[in-house]
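A closer look at the structure
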Amino acid sequence: MVDYHAANQSYQYGPSSAGNGAGGGGGMGDYMAQEDDWDRDLLLDPAWEKQQRKTFTAWCNSHLRKAGTQIENIDEDFRDGLKLMLLLEVISGERLPKPERGKMRVHKINNVNKALDFIASKGVKLVSIGAEEIVDGNAKMTLGMIWTIILRFAIQDISVEETSAKEGLLLWCQRKTAPYKNVNVQNFHISWKDGLAFNALIHRHRPELIEYDKLRKDDPVTNLNNAFEVAEKYLDIPKMLDAEDIVNTARPDEKAIMTYVSSFYHAFSGAQKAETAANRICKVLAVNQENEHLMEDYERLASDLLEWIRRTIPWLEDRVPQRTIQEMQQKLEDFRDYRRVHKPPKVQEKCQLEINFNTLQTKLRLSNRPAFMPSEGRMVSDINNGWQHLEQAEKGYEEWLLNEIRRLERLDHLAEKFRQKASIHEAWTDGKEAMLKHRDYETATLSDIKALIRKHEAFESDLAAHQDRVEQIAAIAQELNELDYYDSHNVNTRCQKICDQWDTLGNLTHSRREALEKTEKQLETIDQLHLEYAKRAAPFNNWMESAMEDLQDMFIVHTIEEIEGLISAHDQFKSTLPDADREREAILAIHKEAQRIAESNHIKLSGSNPYTTVTPQIINSKWEKVQQLVPKRDHALMEEQSKQQSNEHLRRQFASQANVVGPWIQTKMEEIGRISIEMNGTLEDQLNHLKQYERSIVDYKPNLDLLEQQHQLIQEALIFDNKHTNYTMEHIRVGWEQLLTTIARTINEIENQILTRDAKGISQEQMQEFRASFNHFDKDHGGALGPEEFKACLISLGYDVENDRQGDAEFNRIMSVVDPNHSGLVTFQAFIDFMSRETTDTDTADQVIASFKVLAGDKNFITAEELRRELPPDQAEYCIARMAPYQGSDAVPGALDYKSFSTALYGESDL
């Protein structure tokens, strides 16, 4: 809130502390903030002191001559305080206490103190200027005191377009000299050095006194003397400067120039009436033009945002799964680009759109204009509905993508596992059907048939061992079907073929056993060693095949615990290898023993073991294969363990950052809530505090970017969960967006309150009273009052809205003003708008009509020429294009009706 208390605060002038004073009238305080260079100026450039002595002396004499006296030496003639008190009486029109006529130092000090006390009574706080320094003839202090008097009584009340003091005087000079060539007033020193600005001021108000076109920029002394002489002769402005002093000084003294120029301002102040009227019209028209631009910008921004939402929603609602992981990962990458690149600017646009809409409505209310109604379908509520639909479509889309990737990853793993097991099984079954159909036992010898029987028993053992693999193949195929694998048809066909073949093998095995057993009685027992070898070799061979299959089996894990479980299982497997090696050596020993017995008994063997196809060579070969696969498996598990350790590091890294950023965002949201409720200090202080707060929030953005980078690494590593934090990137993003939106809305609310206060002239005490009353009855700190809370607040402010018939009618009237939408809530902005309308005045159509009448010279119409002369070009053309021709009996050609135009500015018609 603006500190209106500063408007009544004492001025602080003085050679050493003038820059710290808070000047009344806005611009005065700003100007005095530059005055702390007084000592340095005088010490560094004696020419400035000389100019100030002459200017200040002439200015004092211009007033003292009204009392029939004057001064010769400014730092000597004020020492006794008598002429100083007389000067103050003349320029203020007030009587000072009776001076002391004694000649002693104490009498002089008392007189000077009376003068200084009078200056202080006018709201001027003198710092470091004491009566002793004036009595002692301190030139620096005396000049500082006179400059303070000039500022207070000659410059302070200058006001142009809501500016005052130095800024107002400078703006007045710029306005008056704008049409003149070679004149560019930007300050009160260099801009006046060539004398053209002084001549332009005189010519603008009294063109008959100056032949401006004959002046030359390269002859500054002539220009200055001409202006000074004309001002002294015709305008009663005493000559306060010497042309040679100005020209021969690199930078003329600013205070001397300001003092001299203020005399011109007061001399021509009578011409200000028409300019003030023109300024009022310019202000009204500028408000209207600005509002029209804001409306056009809102329509354009709203249309663009709604079109983007309309295009984006169908894309987010598309849930058609892809066939491969690569295609789904591309969809995930597209979604991340949308979240990182495309959506954040739209969030900012939506927030800015709401801010623009609220600002526009506030400006319309403050200028008594009708509320802005956007085109159909472009209301803020329409945009919020569309955004809500967008958020709903977006919700769950990323989760769906990740679930699809997991599903496809699982499918690829299962499909590869199915193909591997199916290939191993098909390789094992190759030739088995033909073998089982072979009728070799019909011509076999007794020893051969017994061998065939045992061979068949070994085969049955082998067949039983393969039952698990067939069941696993069928189970994997079933799971692929349940997960909707895209190549399920080929999987099912292959699985069905394996199952059919397995049933055939079972039937053929049963038939062959019956045939062998039928002839078993006629056969002798085959060598037990071969049988024992076959029985022990077959399961051992199957164990080795299973081991090789397991060692080559693909694995997929997502956590360090899972990979450690696989490593533990692998270590257990390796611990069985010594026992397996002993079993292998025992089996090979059986084979060697059979060979030894045959050789020792001169038995001629047919070659291979008749009971099994698993030869010692096959056992040794597969054993070597197992030995080779073990270190490869070790390496693969170690690599996966390293990967999972890296993933765990990424999880902990992200969690560490998220557990800081998440609470920080939550804390900032709570702090903003407290700030919006407490609202201490002026509105400008609150606005500056909130903007600093906003900058501190924006400066925190690199932490969020770091978190995004860490999250990107996690996503690229396909890490789907994180037990170390409850915060997800989605939570952080939403919290961040809400934080930025909340601080922006809070700043906008303060800015609108400033607009309301400045437009309505609400004082600091009033604003504090309104805020205190509102907060007192806002029990839940929600930023809005219910009807009963609002009624209690009005009663506390002195409104008669008690529970009777008349009071209820008055309360209903007020509620219709502060809650036109009947939402049942009264916001602080609506409360301030209502109280400002109740306690202050605003521009009206009658005031604008009266201003136009001044410009028209009291006529009932105005001409285009008069408008172009008195108003800036763009606003003059704005009026000419919209004013209807005047139809009165006193009309002249080209007459325009300014009354209907002024009424339309505050009515329902659209300019």
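Looking at an unreviewed UniProt entry, one finds the chain named Alpha-actinin-4 isoform X1 and attributed to Octodon degus. As recorded by UniProt, the Sequence similarities (unreviewed entry) comment attached to the chain reads in full: "Belongs to the alpha-actinin family."

Some words on the overall build of the chain
On a plain count of helices and strands, the chain comes out with 35 helices and 8 strands. Pairs at least 24 residues apart make up 74% of the contacts formed inside the chain by residues separated by at least 6 positions.

Observations regarding the packing of helix H32 (residues 845-855) against helix H35 (residues 898-905)
H35 packs onto H32 with a crossing angle of 150 degrees between their chain directions and a minimal axis gap of 9 Å. The angle between H32 and H35 falls in the class roughly antiparallel. Pair H32 / H35 crosses with right-handed handedness. Residues Ala845, Val848, Ile849, Phe852 and Lys853 of H32 pack against Tyr898, Lys899, Phe901, Ser902 and Thr903 of H35. The class makeup of the residues in the contact of H32 with H35 is 6 nonpolar, 2 polar and 2 charged.

Overview of the pattern of salt bridges
This model, assessed by the stated rule, comprises 49 salt bridges. Across the salt bridge formed by Arg79 and Glu76, the nearest N and O atoms sit 3.0 Å from each other. Since its relative accessible area comes to 37%, Glu76 is described here as partly exposed. The salt bridge involving Arg869 is made with Glu870; its shortest N-O contact spans 3.3 Å. Look at Glu870 and you get partly exposed, because its relative accessible area is 26%. Linked through salt bridges whose partners overlap, the residues forming this network are Glu648, Arg651, Arg652 and Asp721.

Quick look at unusual backbone geometry
Although it is not a glycine, Asn182 adopts a positive phi angle of roughly 65 degrees. Within the secondary structure layout, Asn182 lies in the loop between helix H9 (165-177) and helix H10 (196-205).

Some points on the packing of helix H5 (residues 82-92) against helix H6 (residues 105-121)
The contact between H5 and H6 brings their axes to 8 Å, and the two run at 25 degrees. By the angle between their axes, H5 is roughly parallel relative to H6. Our pair here, H5 against H6, has a crossing hand that is left-handed. Here Leu82, Leu84, Met85, Leu88 and Ser92 of H5 lie close against H6, whose contacting residues are Asn111, Val112, Lys114, Ala115, Phe118 and Ile119. Split by residue class, the contact of H5 with H6 holds 8 nonpolar, 2 polar and 1 charged.

Some details on the nonpolar core
Of all hydrophobic cores here, the largest spans 75 residues; its most connected members are Trp192 and Phe198. The element contributing the most residues to this core is helix H8 (residues 139-155), with 10 residues. In terms of nonpolar packing, the next biggest core, distinct from the first, is built from 50 residues, Leu690, Tyr693, Cys793 and Ile832 among them.

Quick word on the UniProt feature "coiled-coil region" (unreviewed entry) in the chain
The UniProt entry lists residues 449-483 under the feature "coiled-coil region" (unreviewed entry), expressed in the numbering used here. Along residues 449-483, the helical share is 94% and the strand share 0%, with 50 Å between the first and last C-alpha atoms.

A short note on the packing of aromatic side chains
Within this structure, the stated rule accounts for 23 aromatic pairs. Aromatic pair Phe188 and Trp192: ring centres 6.4 Å apart, planes at 5 degrees, arrangement stacked. Residue classification places Phe188 among the buried positions, given a relative accessible area of 0%. When the ring of Phe264 is compared with that of Phe268, the centres are 6.4 Å apart and the planes differ by 50 degrees; the resulting orientation is tilted. Each member of the pair, Phe264 together with Phe268, is buried. Ring-pair connections join several aromatic residues into one group, and the members of that group are Phe188, Trp192, Phe198, Phe228, Tyr260, Phe264 and Phe268. A cation sits over an aromatic face here: Lys432 above Trp428, 4.9 Å from the ring centre. Looking at Lys791, its charged tip hangs above the ring of Phe811, at a distance of 4.8 Å from the centre.

Topic: the confidence of the model for the chain
For the chain, per-residue confidence averages 80 on the pLDDT scale, and residues scoring 70 or more make up 87% of the total. Per-residue pLDDT, averaged within each element of the chain, yields its smallest value for strand E1 (residues 11-13) (34) and its largest for H10 (92). Here residues 1-44 scores under 50 on pLDDT; set against residues more than four positions off or in separate chains, the count is 117 contacts. Below a pLDDT of 50 lies the segment residues 522-526, which in the model reaches 18 contacts outside its immediate sequence neighbourhood of four places, other chains included.

Quick look at the side chain of Glu299
Within the fold, Glu299 resides in helix H14 (residues 272-317). Those residues in contact with Glu299 that sit more than four places away from it in its chain are Phe372, Pro374, Ser375 and Arg378.

Looking at helix H20 (residues 467-482)
When the terminal C-alpha atoms of H20 are compared, their 23 Å separation across 16 residues agrees well with the 22 Å that a helix rising 1.5 Å per residue should span. Along H20, the residues that are buried comprise Arg469, Val470, Ile473, Ile476, Ala477 and Leu480. One face of H20 carries all of its buried residues, which in axial projection span an arc of 125 degrees. Count one or two residues on from H20 and you reach Asp484, which has phi positive near 60 degrees.

Rules and cut-offs
- Residues numbered from 1 in each chain as written.
- Predicted model: local features only at pLDDT ≥ 70, side-chain atom pairs only at ≥ 80, totals over all residues.
- Heavy atoms only, no water.
- UniProt positions renumbered as here; feature names shortened; annotations may be inferred.
- Helix = DSSP H or I, 4+ residues; strand = E, 2+ residues; numbered from the N terminus.
- Contact = heavy atoms within 4.5 Å.
- Axes fitted to C-alpha atoms, helices over the stretch in contact; angles between N-to-C directions.
- Parallel < 35°, antiparallel > 145°, perpendicular 65-115°, else oblique.
- Left-handed = near helix turned anticlockwise from the far one by under 90°.
- Nonpolar A, V, L, I, M, F, W, Y, C, P; charged D, E, K, R; others polar.
- Salt bridge = Lys/Arg side-chain N within 4 Å of Asp/Glu carboxyl O.
- Buried < 20%, exposed > 50% of the residue type's maximum accessible area, 1.4 Å probe, protein only.
- Core = buried A, V, L, I, M, F, W, Y, C linked by side-chain atoms within 4.5 Å.
- Phe/Tyr/Trp six-rings, centres within 6.5 Å; stacked < 30°, edge-to-face > 60°.
- Lys NZ or Arg CZ within 6 Å of the ring centre and 35° of its normal.
- pLDDT = per-residue confidence, 0-100.
- Expected span 1.5 Å × (residues − 1).
- Arc of directions from axis to C-beta.

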